[in-house]
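# Examination of the molecular architecture
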Amino acid sequence: MARGTANTKDVDLPVGFETNPAEDAMAREVLTTARVKMLLKTPWFGTMATRLPLVNSDAWCPTAATDGRFFYYNSKFILMLKPGEVVFLFGHEVLHNVYDHLGRSKYNKHNHQIANIAADYCVNRDLKYSRIGTFITTVPALYDKKYDKMSMEEVYDSLYENAPKIDMDALVDMLLDEHLDGQGDNEGSGGSGSPEEDENGNLVSKARPSYSEDEKKQIRDEIKESLLQGASSAGRDELPDGIRKIIKDFTEPKMDWRELLSVSIQTTVKTDFSFMRRSRKSYYSDIALPGMIPEDTIDIAIASDMSGSISDEMNKEMFSEVKGIMEQFSDFKIRLWCFDTKVYNYKEFTPENIDELAEYQPQGGGGTDFACNWKFMKEREIMPERLIMFTDGLPYGSWGDPDYCDTVFIIHGSTEIVPPFGSHAYYEQSKQIK
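A few points on the structure. This one's a predicted model, so the numbers in the text were calculated from it and none came from an experiment. (Residues numbered from 1 in each chain as written. Predicted model: local features only at pLDDT ≥ 70, side-chain atom pairs only at ≥ 80, totals over all residues. Heavy atoms only, no water.)

On to the sheet that holds strand S2 (residues 64–66), then. Within the open sheet, the 6 strands sit side by side as S4-S2-S3-S1-S6-S5. Their pairing is mixed. Every other strand in the sheet has two partners, leaving strand S4 (178–179) and strand S5 (196–197) as the edge strands with one partner each. Judged from the 3 bridges that link them, strand S1 (residues 54–56) and strand S3 (residues 71–73) form a sheet pairing that is parallel. Within S3, the residue paired with valine 55 across the bridge is tyrosine 72. Together, S1, S3 and strand S6 (203–204) form the strand contacts of helix H1 (residues 21–41), whose direction differs from that of S1 by roughly 155 degrees. (Pairing = 2+ DSSP bridges. Helix = DSSP H or I, 4+ residues; strand = E, 2+ residues; numbered from the N terminus. Contact = heavy atoms within 4.5 Å. Axes fitted to C-alpha atoms, helices over the stretch in contact; angles between N-to-C directions.)

With that settled, consider the nonpolar core. Grouped burial of nonpolar side chains is what soluble globular proteins tend to show. Core analysis: the largest hydrophobic core is formed by 47 residues, its most contacted members being Trp44, Phe71, Leu89, Phe90 and Val98. Among the elements that make up this core, the one with the highest residue count is helix H4 (residues 83–99) (9 residues). In terms of nonpolar packing, the next biggest core, distinct from the first, is built from 30 residues, Val322, Phe332, Ile334 and Ile354 among them. (Core = buried A, V, L, I, M, F, W, Y, C linked by side-chain atoms within 4.5 Å. Buried < 20%, exposed > 50% of the residue type's maximum accessible area, 1.4 Å probe, protein only.)

Burial within strand S12 (residues 386–391) is extensive, with 6 of its 6 residues counted as buried. Burial of S12 is two-sided: the residues Arg386, Ile388 and Phe390 facing one way and the residues Leu387, Met389 and Thr391 facing the other way are all buried. Two strands pair when backbone bridges link them, and S12 and strand S13 (residues 406–411) are joined in this way by 6 bridges, in the parallel orientation. Residue phenylalanine 390 lies in a different strand from S13, and its bridge partner there is isoleucine 410.

See the structure below:
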């Protein structure tokens, strides 16, 4: 059974043949040498590649594949490649695992074929710009500069929208490897696909692997653990941007915006001291130490970005959340305003008029100048315990003054935006808000 090839190439990829032990030994040596080179030159990629045991899959795999636990290969295909291309191939399988392209595709209910093409475009691009091995030309491999800044989902959307004008069969022929779904199949000579040792102690797979959902989850957890362990020894420049983002997401989990809002407000609670209640520490001394009296006194400022992307309904939801939090305390002051390139409709709310917060009318709607908020506070000598800004995170210039007061950004829109200072969370609309 031969895999199809692109019109620009004429490469017959073998599959289902009787494995030649001498050829397989040479292929394993090529693969082992490639992994050693990766460990020396790019430790993270080398570590991730080495954790995948080599499995001869001549019976069903025309090129290479991975299920996150093993590296499946066709011995004749490996011997066709140049040494640098084998390094690239390992990197290709590593990134498919780490980016969890299969899981993302299944979750988003993507067209399987188009999702595979999008995944290869992204993987090959990252390897190309990270200079992992030599870009494969012995067989077709997908790359297009127009996708350089896109995520897999964005590439998928572009392909899907333009599918009537694209020769999808030609792109499928350019997939560098076999994309496994863990369901197994009836190809090959039978069996579950689980690797078994041959007479030489080498692993061999006679059919595509099959895994239960629990096993798939376990494999994803194993990949995550290896990813974090390998990243600790890797140089920052070695890791593609996509890997750095995944590591950040693992190590810095995003807090729900309501939770961050609540924590941000409650941690501004002040305490004071008074001699009216004597400290227990002074009971047995001649010194009268003051006792601590907690005061539910909160002084916060809220600035709502009205440059266009924050709707009145979204503002009402956030103000309602603030009101609910504030009602837990006996004394507070909320300084609320809206802004675009200047500040509008400044109001102060205390326990006496907190019910009026629900009737607050946002104003504005022009450009976006974050700095106008700090200018406004300084001119009015407003020094809040914390400034909470509800925004789309797209200022035309500076994000503001990082040294003036603690700042919390609740960002609506892209979860890719990270403020240069302060805390942040990403706004998600409640289901009841249309």
